[in-house]
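# Inside the fold
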Amino acid sequence: MGLFGKKINLVAPMTGEIIDITEVEDITFAQKFLGDGVAIRPTEGLVVAPADGEVMQVFHTKHAIGLNIKGVELLIHIGMNTVELKGEGFEVFVEQGQKVKAGDKLVKVDLDLLKEKGYPIETPVVVTNMDDIKSLSKQSGNVTAGSDEIMEIKK
């Protein structure tokens, strides 16, 4: 663990623009009820692992995925209210308990379908166990999935 704790860098799970978590339409995320993080306004529908870790949960509606990354619990929630689609427009490539490496494909989503049906596409990337986190620094701007850093977490 060392004197200064553990540093975990997360890369973008989606290509697009980072927006502040408080700017998403869903109050649950905007007011950080589930934790802190960023949101991505995606330009492509591929979701990749933001770091090496383990899949903790794949929601049966395929709209969200939970990861454990060296003790950091991360929720990637694709779009807003997309649970209502019951999996339509989503394709999942992983299962619960599976180990993943940074950049591995997790989910593919049809962004055009979401927009067509009126769902916001902003995708929160939230640390849900903030009580275990010492600090969280967030990046901003445009990011490419699997390569550009979005957050640095200190445990």
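Quick summary incoming for the structure in this document. (Residues numbered from 1 in each chain as written. Predicted model: local features only at pLDDT ≥ 70, side-chain atom pairs only at ≥ 80, totals over all residues. Heavy atoms only, no water.)

### Things to note about the overall build of the chain
As a reminder, the rule being used: Comment: elements are numbered from the N terminus, with helices defined as DSSP H or I runs of at least four residues and strands as E runs of at least two. The globule rule used here is 2.2 Å times the number of residues to the 0.38 power, and the radius of gyration it is set against is calculated over C-alpha atoms. Only protein chains enter the accessibility calculation, which uses a 1.4 Å probe; a residue is then buried when its area is under 20% of its type maximum, exposed when over 50%, and partly exposed in between. The contact definition used throughout considers only heavy atoms, calling two residues in contact when any of these lie within 4.5 Å. Working definition of accessibility: Shrake-Rupley area with a 1.4 Å probe, residue cover restricted to the visible protein chains. Only four residue types enter the tally: Lys and Arg on the positive side, Asp and Glu on the negative side; His and the chain ends are excluded. Think of each charge as sitting on NZ of Lys, CZ of Arg, CG of Asp or CD of Glu.
For the chain, the count of helices and strands is 2 helices and 14 strands. Taking 155 residues into account, the globule formula puts the C-alpha radius of gyration at 15 Å, and the chain, at 14 Å, falls close to it. The buried share of the chain, reckoned over its 155 residues, is 49%. Taking the intrachain contacts of the chain between residues at least 6 apart in sequence as the baseline, contacts between residues at least 24 apart amount to 70%. Carbon and sulfur atoms provide 45% of the accessible area of the chain, an area that totals close to 7600 Å². Side-chain charges of the chain comprise 17 positive and 24 negative groups, with the mean position of each set lying 6 Å from the other.

### Things to note about a nonpolar patch on the surface
The line we're drawing: Put simply, a patch holds well-exposed residues, over 30% relative accessible area, that have no salt bridge, with like charges counted together within 9 Å and Val, Leu, Ile, Met, Phe, Trp or Tyr side chains within 5 Å. Any carboxyl oxygen of Asp or Glu within 4 Å of a side-chain nitrogen of Lys or Arg constitutes a salt bridge here.
A cluster of nonpolar residues, I27, F33 and L34, forms a patch on the protein surface that exposes about 300 Å² of accessible area. Residue class for F33 comes out exposed when judged on its relative accessible area of 55%.

### Observations concerning the packing of aromatic side chains
What counts is decided by this rule: Here the aromatic set is Phe, Tyr and Trp, taking the six-membered ring for Trp, and pairing holds for ring centres within 6.5 Å; pairs whose planes are under 30 degrees apart are stacked, those over 60 apart are edge-to-face, and all others are tilted. We call a charge positioned over a ring when the NZ of a Lys or the CZ of an Arg lies within 6 Å of the ring centre and within 35 degrees of the ring normal.
Scanning the model with the defined rule gives 0 aromatic pairs in all. Taking the ring centre of F93 as reference, the NZ or CZ of K105 above it sits at 4.3 Å.

### Description of the sheet that holds strand β14 (residues 149-154)
What counts here: Between any two strands, at least two bridges found by DSSP are needed for them to pair. Axis angles are defined between N-to-C directions and span 0 to 180 degrees, where every axis is a line fitted to C-alpha atoms and, for a helix, only to the segment in contact.
Strand order in the open sheet made by the 3 strands is β1-β14-β12, with antiparallel pairing throughout. The outermost strands of the open sheet, each flanked by one partner alone, are β1 (7-11) and β12 (135-138). Going across the sheet, the axis of each strand differs from the next one's by a mean of 15°, ignoring polarity. As defined by bridge partners, β1 adjoins β14 across 5 bridges and the pair is classed as antiparallel. Considered in β14, the bridge of I8 is made with I153.

### Considering the pattern of salt bridges
Scanning the entire structure with this criterion turns up 8 salt bridges. D36 is the partner of K138 in a salt bridge, and the nearest nitrogen-oxygen pair spans 2.7 Å. Remark: D36 occurs in strand β3 (residues 36-42) and K138 occurs in strand β12; sequence separation between them is 102 residues. You can call K138 partly exposed: its relative accessible area is 31%. Taking the shortest distance from any N to any O, the salt bridge between E122 and R41 comes out at 3.1 Å. Of this pair, E122 sits in the loop between α2 (111-116) and β11 (123-127) while R41 sits in strand β3, and the two are 81 residues apart along the sequence. On the accessibility criterion, E122 (13% relative accessible area) is buried. Given a relative accessible area of 33%, R41 falls into the partly exposed group.

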